[in-house]
Amino acid sequence: MMNFDFTPEQEILRSTVRKFVDKEIMPYIKEWDERGYFDPNIMKRLAELNLMGVCIPEEYGGAGMDYNSLAIVCEELERGDTAFRTAVSVHIGLNSLTLLQWGTEEQKQKYLVPQAKGEKIGAFGLTEPGAGSDVAAISTTAVRDGDYYILNGQKTWISLCDIADHFIVFAYTDKSKKHHGISAFIVERTMPGFSSKAIKGKLGIRAGNTGELFFDNVRVPKENLLGHEGEGFKIAMSALDNGRFTVAAGAVGLIMACLEASVKYCHERKTFGKEIGRHQLVQQMIANMEAGLQISRLLVYKAGYLKNQGKRNTRETSLAKWIACDFANKAADDAVQIHGAYGYSNEYPVERYLRNSKAPVIYEGTREIHTIMQAEYVLGYRKDKPLRKMLPAWNPESVKL
Ligand SMILES: Cc1cc2nc3c(=O)[nH]c(=O)nc-3n(C[C@H](O)[C@H](O)[C@H](O)COP(=O)(O)OP(=O)(O)OC[C@H]3O[C@@H](n4cnc5c(N)ncnc54)[C@H](O)[C@@H]3O)c2cc1C
């Protein structure tokens, strides 16, 4: 049976996050964006609302809500600003859900529980100066030395680089095995030899923190190997299934923000004796935004539905991420167009939406990578098998908010 209704808990969740965004992000975001300031208090406040582990089971410190509830949080946060949705994407989507899926019980207790409670922040280090889409081109290494692995290398474009306490980091344990020689590690900021540095001069997500990680003989205990040696590539790709889901949901929120601003302006601005909303070419842009919103939302919730069932959803999530981010990028472009010259200044928020809408078309699989993935699925060149460890299905017994 198909059901398009939100549960009462999901309705409450949406209105809680919306109120939070309206009160604690909207009044300040213009200034934060101009200053390039990431406010860590937002993460603390999200933790107080029990949202830093919204879809993590209660037994691991979370709220136990379903995966589409995570989507709702991301939609509403990105309606405020992409920076905070990005923070939740890496903390929950790329890190905490990966610990839930692949971690040992000890790793979950040590790292997932404090992250789900928002006491510690998680991030994800895959990209390197010489390796983005081509993950196997990474050059960070992890060499076994007794009870430790010694990590050396560099990551770049890492969200929350200066903020996070824990990082899931990918490194070669055996370069000769290519994809099968990559392993995943849990690295703590406090481990000697670790350092980070923010990147300045970004086009968008300026109220977010993004930058480099450096590993200079970082001794990581062998207990911090996530999954088996050589399983890192699979772990990275399964993490992206969850990260991409949150990015797609965030894009829905950005389209909502573009529509809100544009509809308001359409009623305010008059040309040729009528509201600009009465001009058919402006209506075309509004209609395209609405179509993008509805199509993207359906794709996101379908992927969330599959996650709730514990089924593989790489194909559906990739499609949702690609389509939603492209629609959001176009919606932001049109929102600026609708505002005319005023859209070109930061007197209105739409120029920020346009700048922010670009990174999600690049990160967590570029537009081109998702296009290729979709073609390969249709042509039968790509098929998914169940993983050794799947993301646990949602347990409806465990809701606590
Ligand atoms: C704001 C921001 C935050 C980020 N946060 C993180 C993070 O937290 N953790 C993390 O690990 N990474 C993060 N990234 C990095 C991001 O995931 C990479 O930038 C992305 O994977 C693309 O890699 P690249 O930039 O090296 O581009 P490249 O892979 O070098 O691609 C360059 C161009 O070539 C195209 N291209 C590449 N290969 C192909 C192909 N086979 N066919 C067709 N076209 C191709 C791409 O689509 C793109 O247009 C972030 C990036 C940004 C901008």
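Residues numbered from 1 in each chain as written. Predicted model: local features only at pLDDT ≥ 70, side-chain atom pairs only at ≥ 80, totals over all residues. Heavy atoms only, no water.

An unreviewed UniProt entry lists the chain under the name Acyl-CoA dehydrogenase, with Thermolongibacillus altinsuensis as the source organism. The record held by UniProt for the chain lists under Catalytic activity (unreviewed entry) the comment "a 2,3-saturated acyl-CoA + A = a 2,3-dehydroacyl-CoA + AH2". You can read under Sequence similarities (unreviewed entry) in the UniProt record for the chain the words "Belongs to the acyl-CoA dehydrogenase family." (UniProt positions renumbered as here; feature names shortened; annotations may be inferred.)

1. A word on the overall build of the chain
For the chain, the count of helices and strands is 12 helices and 10 strands. Computed over C-alpha atoms, the radius of gyration of the chain comes to 21 Å, within 12% of the 21 Å expected from 2.2 N^0.38 for 401 residues, which places it in the range of a compact globule. Along the first, second and third principal axes, the C-alpha atoms of the chain reach 80 × 50 × 45 Å. Counting all 401 residues of the chain, 55% fall into the buried class. Expressed as a percentage of contacts within the chain between residues at least 6 apart in sequence, the contacts between residues at least 24 apart total 76%. Only carbon and sulfur atoms are counted for the fraction: they give 55% of the accessible area of the chain, which is about 17,600 Å². Looking at the chain, you have 51 positive and 49 negative side-chain charges, and the mean spots of the two groups are 3 Å apart. (Helix = DSSP H or I, 4+ residues; strand = E, 2+ residues; numbered from the N terminus. Rg over C-alpha atoms; globule rule 2.2 N^0.38 Å. Buried < 20%, exposed > 50% of the residue type's maximum accessible area, 1.4 Å probe, protein only. Contact = heavy atoms within 4.5 Å. Areas by Shrake-Rupley, 256 points an atom, 1.4 Å probe, with all protein chains shown as cover. Lys, Arg positive; Asp, Glu negative; His and termini not counted. Charge placed at Lys NZ, Arg CZ, Asp CG, Glu CD.)

2. Remarks on the domain arrangement of the chain
Domain annotation for the chain reports domain 1 (8-121), domain 2 (124-232) and domain 3 (236-379). Each of domain 2 and domain 3 has a C-alpha centre, and the two are 30 Å apart. Facing 10 residues of domain 2, the contacting portion of domain 3 comprises 11 residues. Together, the buried faces of domain 2 and domain 3 total about 770 Å²; carbon and sulfur atoms form 70% of this surface. Viewed at the interface, domain 3 and domain 2 are joined by zero salt bridges. Scanning the region where domain 2 abuts domain 3 turns up three residue pairs in polar contact (both at pLDDT 80 or more). (Domains from an automatic or database assignment. Buried area = accessible area lost by both parts, 1.4 Å probe. Salt bridge = Lys/Arg side-chain N within 4 Å of Asp/Glu carboxyl O. Polar contact = N/O pair within 3.5 Å; in protein donor to acceptor, adjacent residues only side chain to side chain.)

3. As for helix α6 (residues 105-116)
Turning to α6, its buried residues are Gln107, Lys108, Tyr111, Leu112, Val113, Pro114, Gln115 and Ala116. Tucked into the core, α6 has its buried residues touching α5 (82-102), β1 (122-125), β4 (166-172), β5 (182-188) and β8 (225-226). Note on α6: the residue one or two positions beyond its end, Gly118, has a positive phi of about 80°.

4. What about the UniProt feature "domain: Acyl-CoA dehydrogenase/oxidase C-terminal" (unreviewed entry) in the chain?
As recorded in UniProt, the feature "domain: Acyl-CoA dehydrogenase/oxidase C-terminal" (unreviewed entry) lies at residues 230-376. With 76% helix and 3% strand, the stretch residues 230-376 has end C-alpha atoms that lie 25 Å from each other.

5. Concerning the environment of Ser238
As for its placement among the helices and strands, Ser238 is situated in helix α7 (residues 232-268). Considering only alpha carbons, one finds Ser238 and Trp102, 136 residues apart in sequence, at a separation of 9.6 Å. Polar contacts involving the side chain of Ser238 include one to the side chain of Trp102, which spans 2.8 Å. At 3.0 Å, the side chain of Ser238 and the backbone oxygen of Ile235 are in polar contact.

6. Focus: the site of the ligand
Every one of the 17 residues lining the ligand counts as a neighbour, but Thr127, Ser133, Trp157, Thr366 and Glu368 are closest to it. A distance of 2.8 Å separates a nitrogen atom of the ligand from a polar backbone atom of Trp157. Between the ligand and Ser159, the relevant distance is 2.9 Å, taken from a nitrogen atom to a side-chain nitrogen or oxygen of the residue. Taken together, the elements giving at least two residues each to the shell around the ligand come down to β3 (148-159), α11 (359-362) and α12 (367-379). Each of domain 2 (124-232) and domain 3 (236-379) gives at least three residues to the shell around the ligand. (Near = heavy atom within 4 Å.)

7. With respect to the environment of Arg14
Within the fold, Arg14 resides in helix α1 (residues 8-24). Taking the relative accessible area as the measure of exposure, Arg14 reaches 13% and is therefore buried. Arg14 sits 371 residues away from Lys385 along the chain, and the two C-alpha atoms are 34 Å apart. Here Arg14 is in contact with Phe6, Ile72, Glu75, Glu76, Met256, Arg297 and Tyr301, once residues within four sequence places are set aside. At 2.7 Å, the side chain of Arg14 and the side chain of Glu76 are in polar contact. A distance of 3.1 Å separates a polar atom in the side chain of Arg14 from a polar atom in the side chain of Tyr301.

8. What to know about the pattern of salt bridges
Across all of its chains, the model carries 25 salt bridges by this definition. With a closest N to O distance of 2.5 Å, Arg85 and Glu78 form a salt bridge. By relative accessible area, which is 1% here, Glu78 ends up buried. In this structure, Arg219 engages Asp145 in a salt bridge whose closest nitrogen and oxygen atoms are separated by 3.2 Å. Of this pair, Arg219 sits in strand β7 (residues 210-221) while Asp145 sits in strand β2 (residues 141-145), and the two are 74 residues apart along the sequence. Overall, Arg219 belongs to the partly exposed group, its relative accessible area being 38%. For Asp145, a relative accessible area of 36% translates into the label partly exposed.

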